[in-house]
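Coordinate analysis (summary)
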Amino acid sequence: MPSHYDVLPDLAFGHHPVHGIVAANPKNLAASTWMLRGFDFHPVPDQPTLYALADQNRNGHGRTSRAIELLRKASYQVDVDVALDPAPAPDTAHVRDRGPLGEPDVAFADHPQLGIVAALDDRVSGLSGLALVEDGWRHNSSLDVYTLPATTDRVEALGKVADATVALDRSGHQVAVQPRLAQEVTARTALLPRRPLAVSAAVVPLARLR
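Bear in mind the structure is a predicted one, so any value in this text is a computation, not a measurement.

A word on the pattern of salt bridges. What the rule picks out here adds up to eight salt bridges. R58 serves as the salt-bridge partner of D40, at 3.8 Å between the closest nitrogen and oxygen. Linking D40 in the loop between α2 (30-38) and β3 (41-44) with R58 in the loop between β4 (47-53) and α3 (60-73), this pair joins segments that are 18 residues apart in sequence. Accessibility expressed as a relative area gives 45% for R58, which makes it partly exposed. Here the residues in one salt-bridge network are D40, D55, R58 and R63, joined through shared partners.

Shown next as structure tokens:
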């Protein structure tokens, strides 16, 4: 069975709510770091695996697409947000235009044994999964979901869901939360001043989680 490290891409590109166009080096490979620097991506302070594109107003989208294209030709395994992908698959052109009733990019739900879990759509950039890992979530490779450590209490877990939801929503992802769980998260968030929360309360199929 492959480990979480094995299923990570070599590099992942996407949009960050603060830093704009970014690239992640989830395996922290020296070769990947060298390549990113060559494409004018520079380390983000206090984020050991995250790199931001310099001078993004200077054709940032085009420069990033060119970097992705060259990295793929060099046999790097690259994960990319649809908006930045220079060569999207035939069925991905409409992914971001699927409307409010479409499948969510990320879904949070209560699992009877694992507690709160997060599931990512296969079409979502690996950057989103990396963001969850850096915030304390762990990838369960057998179920392909993200879980929190067993020592995480309910209040802290609800806070993790709230934080992830806000960050993902700002990055343009469609997030769904199981209705009962959404009520808990919203109730907790209402007690905290000036902390916005944008979630889509939706029934999340749990068949793949059992």
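From this point, the discussion proceeds with the structure in view.
As for its position among the elements, T49 is in strand β4. Not counting chain neighbours up to four residues away, the residues in contact with T49 comprise A23, A24, N25, L130 and E134.

In this section: the sheet that holds strand β5 (residues 78-80). Read across the sheet, five strands follow the order β3-β4-β2-β1-β5 without closing on themselves; strand pairing throughout is mixed. Across the chains shown, the open sheet's two edge strands, defined by having one partner strand only, are β3 and β5. Across the sheet, the axes of successive neighbouring strands diverge by a mean angle of 30°, strand direction being ignored. The strands touched by α3 within the sheet are β1 (11-16), β2 (20-24), β3, β4 and β5, with β5 carrying the most contacts at an inclination of about 150°.

What counts, and where the lines are drawn
Residues numbered from 1 in each chain as written. Predicted model: local features only at pLDDT ≥ 70, side-chain atom pairs only at ≥ 80, totals over all residues. Heavy atoms only, no water. Salt bridge = Lys/Arg side-chain N within 4 Å of Asp/Glu carboxyl O. Helix = DSSP H or I, 4+ residues; strand = E, 2+ residues; numbered from the N terminus. Buried < 20%, exposed > 50% of the residue type's maximum accessible area, 1.4 Å probe, protein only. Contact = heavy atoms within 4.5 Å. Pairing = 2+ DSSP bridges. Axes fitted to C-alpha atoms, helices over the stretch in contact; angles between N-to-C directions.

Note that all results are geometric; they support no functional claim without further evidence.
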